[in-house]
Amino acid sequence: MKYVHTNLIAKDWRKLSDFYKTVFGCKPIGPQRDLRGQWLGDMTGIKDAHIEGEHLLLPGVSDNGPTLEIFSYPEIIDSDKAVNACGFAHIAFEVDDIENIMNLVAQEGGSVLGQVVSNDYGDFGIGTFVYVKDPEGNLIELQRWER
């Protein structure tokens, strides 16, 4: 068994993909996708489904992934996302400089959700954390560890 990818549905997959490439150093892997056909409609339950996007290799993983899959449909359902919402809540990146990445997130169209906090986890080290949002409101946890 192998974990393969996490999917984000974007209003504008190119813009969101560029955000993750710029801020977190993700790299495109494989061809860009332009998927349609009866098989896709059958799989998604969406008549005449059409998906465009790409897979991004996440930092710190092998060349085989896992990846962040960023796709767009011509028609999407928009909803508010919250830290305590049921279902997938956030993705997390360990970074060397939280303040710098927070600034880059804002510079690239994202926002900061809460305050930077630190907590002592004993033998595991001191963790520093903050939640930010990408330009489409998806939650990202930034973390730094002092061991």
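Residues numbered from 1 in each chain as written. Predicted model: local features only at pLDDT ≥ 70, side-chain atom pairs only at ≥ 80, totals over all residues. Heavy atoms only, no water.

*Asks:* Explain the environment of Ile-77 here, please?
*Replies:* Take Ile-77: it is sitting in the loop between strand S4 (65–72) and strand S5 (90–94). The class of Ile-77 is exposed, set by a relative accessible area of 83%. Each C-alpha atom, one on Ile-77 and one on Lys-11, is 9.4 Å from the other, the two residues being 66 residues apart in sequence. (Helix = DSSP H or I, 4+ residues; strand = E, 2+ residues; numbered from the N terminus. Buried < 20%, exposed > 50% of the residue type's maximum accessible area, 1.4 Å probe, protein only.)

*Asks:* It is not clear to me how the environment of Asn-119 should be interpreted in this structure. Could you clarify?
*Replies:* One can find Asn-119 in strand S7 (residues 117–120). When the C-alpha atoms of Asn-119 and Phe-129 are compared, they prove to be 8.5 Å apart, with 10 residues separating the residues in sequence. With residues near it in sequence (within four places) discarded, Asn-119 still touches Gly-125, Ile-126 and Gly-127. (Contact = heavy atoms within 4.5 Å.)

*Asks:* How should I be thinking about the pattern of salt bridges in this particular structure?
*Replies:* Should their charged atoms come close, side chains of opposite charge can pair. Applying the stated rule across the entire model yields 6 salt bridges. A salt bridge links Glu-54 to Lys-21; its shortest N-O distance comes to 3.0 Å. You can see Glu-54 sitting in strand S3 (residues 50–62) and its partner Lys-21 sitting in helix H1 (residues 13–24), a full 33 residues away along the chain. Taking the relative accessible area as the measure of exposure, Glu-54 reaches 4% and is therefore buried. Lys-21 gets classed as partly exposed once you look at its relative accessible area, which sits at 26%. Here Glu-146 makes a salt bridge to Arg-144, at a shortest N to O gap of 3.4 Å. Taking the relative accessible area as the measure of exposure, Glu-146 reaches 43% and is therefore partly exposed. Given a relative accessible area of 25%, Arg-144 falls into the partly exposed group. (Salt bridge = Lys/Arg side-chain N within 4 Å of Asp/Glu carboxyl O.)

*Asks:* What should I look at first to understand the nonpolar core in this one?
*Replies:* Across soluble globular proteins, nonpolar side chains have a tendency to be buried as a group. Residues Tyr-20, Phe-24, Ile-70, Ile-140 and Leu-142 are the most contacted members of the largest nonpolar core, which totals 23 residues. Counting only elements with at least two residues in this core, the list comes to H1, S4, helix H3 (98–107), strand S8 (126–133) and strand S9 (139–146). The leading source of residues in this core is H1, at 6 residues. Beyond its immediate chain neighbours, meaning those up to four positions away, Tyr-20 contacts Leu-8, Gly-25, Cys-26, Leu-56, Leu-68, Ile-70, Ile-91, Phe-93, Asp-134, Asn-138 and Ile-140. (Core = buried A, V, L, I, M, F, W, Y, C linked by side-chain atoms within 4.5 Å.)

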